[in-house]
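As a plain string of letters, each chain reads:
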Amino acid sequence: MAEKIIAYRFERLDETLSQLSKENCLIMAGGTDVMVLHKSRRGVPPKITKPVVFIDHLSELKRVYKRGKDVYIGACCTYSELLENPLIPNALKDAIKAIAAPAIRNRGTLGGNICNASPAGDTLPLLYVYNAKLLLRSVTGERVVSISDFIQGVRRIQRSSNEILVEIILPSVLEEGANVVFEKVGNRNADAIAKVGFAGYIRANGAVIEDVRFAFGAVGPTMVRSVDIEKKLLGKTIPLVDADIAQVVAAFDKIIKPIDDQRSTAVYRKTVALNLLRYFLSRKQYPPNEW
Ligand SMILES: Cc1cc2nc3c(=O)[nH]c(=O)nc-3n(C[C@H](O)[C@H](O)[C@H](O)COP(=O)(O)OP(=O)(O)OC[C@H]3O[C@@H](n4cnc5c(N)ncnc54)[C@H](O)[C@@H]3O)c2cc1C
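Residues numbered from 1 in each chain as written. Predicted model: local features only at pLDDT ≥ 70, side-chain atom pairs only at ≥ 80, totals over all residues. Heavy atoms only, no water.

A. The site of the ligand, seen in detail. Near the ligand lie 31 residues; those nearest to it are Ile27, Thr32, Asp33, Tyr79 and Thr109. Between Thr32 and the ligand, the recorded distance is 2.6 Å, taken from a side-chain N or O atom to an oxygen atom. Between the ligand and the protein, one listed contact pairs an oxygen atom with a side-chain N or O atom of Tyr79 at 2.4 Å. With the chains in place, 87% of the 980 Å² that the ligand exposes on its own is no longer accessible. Taken together, the elements giving at least two residues each to the shell around the ligand come down to strand S2 (26-28), helix H2 (34-37), helix H6 (110-116) and strand S10 (164-170). Ranked by residues supplied to the shell around the ligand, first place goes to H6 with four residues. Considering only residue class, the shell around the ligand consists of 18 nonpolar, nine polar and four charged. (Near = heavy atom within 4 Å. Polar contact = N/O pair within 3.5 Å; in protein donor to acceptor, adjacent residues only side chain to side chain. Areas by Shrake-Rupley, 256 points an atom, 1.4 Å probe, with all protein chains shown as cover. Helix = DSSP H or I, 4+ residues; strand = E, 2+ residues; numbered from the N terminus. Nonpolar A, V, L, I, M, F, W, Y, C, P; charged D, E, K, R; others polar.)

Right under this line is the structure:
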């Protein structure tokens, strides 16, 4: 007989946080990672040893709104909900469309993708180039942390057991006028885990690059981003000359260190990652995204 699991489903966020302050629980949002991580043999219920607290229904975690130039996204918004929302940038929608299939997109949440901290999480490269910040709340208060500080390794995040990720903040995104792209390479176009993910971001004043950011997914324990390498392109003129492109590609060649696994090889991953970067940098123009 299956073992009983204690499960909580409170009406409000404050009640949920209060429970988390008393007891170490497993947070369940859409459950699409949790159920896979805890699965047992076929036909046997998942093995979950802690009490479960459901958060996917909490209205405080499902709002999307703007404040000034920033967009705030509730951690428990599902992918399907975000695809319908006009405040979500198209580049992020492109990443979402590359995730799984509609059934998973109806359950999976943006907060779950972040807190699961998989190197192949499809929204992560984009959230890194957007300099996303995360608002975490507990009974003792709130804190805001950058996504790159929050994600510390494969499935390792800087979260206390009494905290919930409440909102994802995209700072200044409404005013930036950047060209932002997302690319995913997997076994097929839909329902595939990434072999390589790439997000590129360029904001130019006329032909002069004012800001540039890159992030690579699935080629290291966390997203690979380097502000030092990005700085090499500030003030350069578009289209970039071959020597500048080669310098940046060579710099990333040194720090991208993928592994072989069941999905791909290290050599393939590195080659594709650098090709995606080279292709992005070779474009003749970078018009701001429509939205
Ligand atoms: C068939 C299938 C295909 C998939 N394909 C893809 C894919 O193509 N690309 C991709 O990136 N992912 C994919 N995934 C993984 C998964 O769907 C996503 O990572 C999804 O975003 C997880 O969200 P969730 O709400 O289901 O998270 P859950 O499973 O509920 O939670 C994931 C983790 O985050 C924690 N957590 C969740 N929300 C919070 C919060 N607000 N505060 C604190 N902790 C929290 C949970 O405790 C857990 O540790 C796939 C999964 C399946 C089953």
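B. Structural context of the environment of Pro258. Tracing the sequence through the fold places Pro258 in the loop between helix H10 (242-255) and helix H11 (266-281). Spatially, the C-alpha atom of Pro258 lies 5.2 Å from that of Gly220, the residues being 38 residues apart in sequence. Every residue in contact with Pro258, bar those within four places of it in the chain, is listed here: Val219, Ala266, Arg269 and Lys270. (Contact = heavy atoms within 4.5 Å.)

C. Seen up close, the domain arrangement of the chain. Domain boundaries in the chain define domain 1 (7-170) and domain 2 (179-281). For domain 1 versus domain 2, the distance between C-alpha centres works out to 25 Å. Counting residues at the interface gives 22 residues for domain 1, matched by 23 residues for domain 2. For the pair domain 1 and domain 2, the summed buried surface comes to about 1,700 Å²; carbon and sulfur atoms form 67% of the total. When residues of domain 1 are sorted by the area they lose upon contact with domain 2, Pro119, Pro125 and Val129 head the list and together hold 32% of the total. Linking domain 1 with domain 2 are one salt bridge. Taking the shortest distance from any N to any O, the salt bridge between Asp122 and Lys184 comes out at 2.6 Å. Along the contact surface separating domain 1 from domain 2 lie six residue pairs in polar contact (both at pLDDT 80 or more). Secondary-structure elements contributing two or more residues to the side of domain 1 that touches domain 2 are helix H4 (90-97), helix H7 (124-129) and strand S8 (151-153). Considering each element in turn, the side of domain 1 that touches domain 2 owes the most residues, five residues, to H7. (Domains from an automatic or database assignment. Buried area = accessible area lost by both parts, 1.4 Å probe. Salt bridge = Lys/Arg side-chain N within 4 Å of Asp/Glu carboxyl O.)

D. Layout of the packing of aromatic side chains. Summed over the entire model, instances satisfying the criterion amount to nine aromatic pairs. A ring pair is formed by Phe214 and Phe280, whose centres lie 6.3 Å apart and whose planes are at 85 degrees; its orientation type is edge-to-face. With a gap of 66 residues between them, Phe214 in strand S13 (residues 208-217) and Phe280 in helix H11 connect regions that are remote in the sequence. An identical accessibility class is assigned to Phe214 and Phe280; each is buried. Between Phe280 and Tyr286, the ring centres sit 5.4 Å apart and the planes meet at 75 degrees, which makes this aromatic pair edge-to-face. (Phe/Tyr/Trp six-rings, centres within 6.5 Å; stacked < 30°, edge-to-face > 60°. Buried < 20%, exposed > 50% of the residue type's maximum accessible area, 1.4 Å probe, protein only.)

E. Expanded view of the pattern of salt bridges. One pass over the structure, following the stated rule, counts 17 salt bridges. Arg143 is the partner of Glu163 in a salt bridge, and the nearest nitrogen-oxygen pair spans 2.6 Å. One end of the pair, Glu163, is in the loop between strand S9 (156-157) and S10; the other, Arg143, is in strand S7 (residues 141-146), and 20 residues separate them in sequence. Residue Glu163 is classed as buried on the basis of its relative accessible area of 7%. The class of Arg143 is partly exposed, set by a relative accessible area of 27%. By sharing partners, the salt bridges in this structure join Glu176, Arg203, Glu210, Asp211 and Arg213 into a single network.

F. Looking closely at the environment of Ile48. Take Ile48: it is sitting in the loop between H2 and strand S3 (52-54). Overall, Ile48 belongs to the buried group, its relative accessible area being 14%. Spatially, the C-alpha atoms of Ile48 and Lys4 are 9.5 Å apart, while their sequence positions differ by 44 residues. Beyond its immediate sequence surroundings of up to four residues, Ile48 is in contact with Ile5, Leu26, Val34 and His38.

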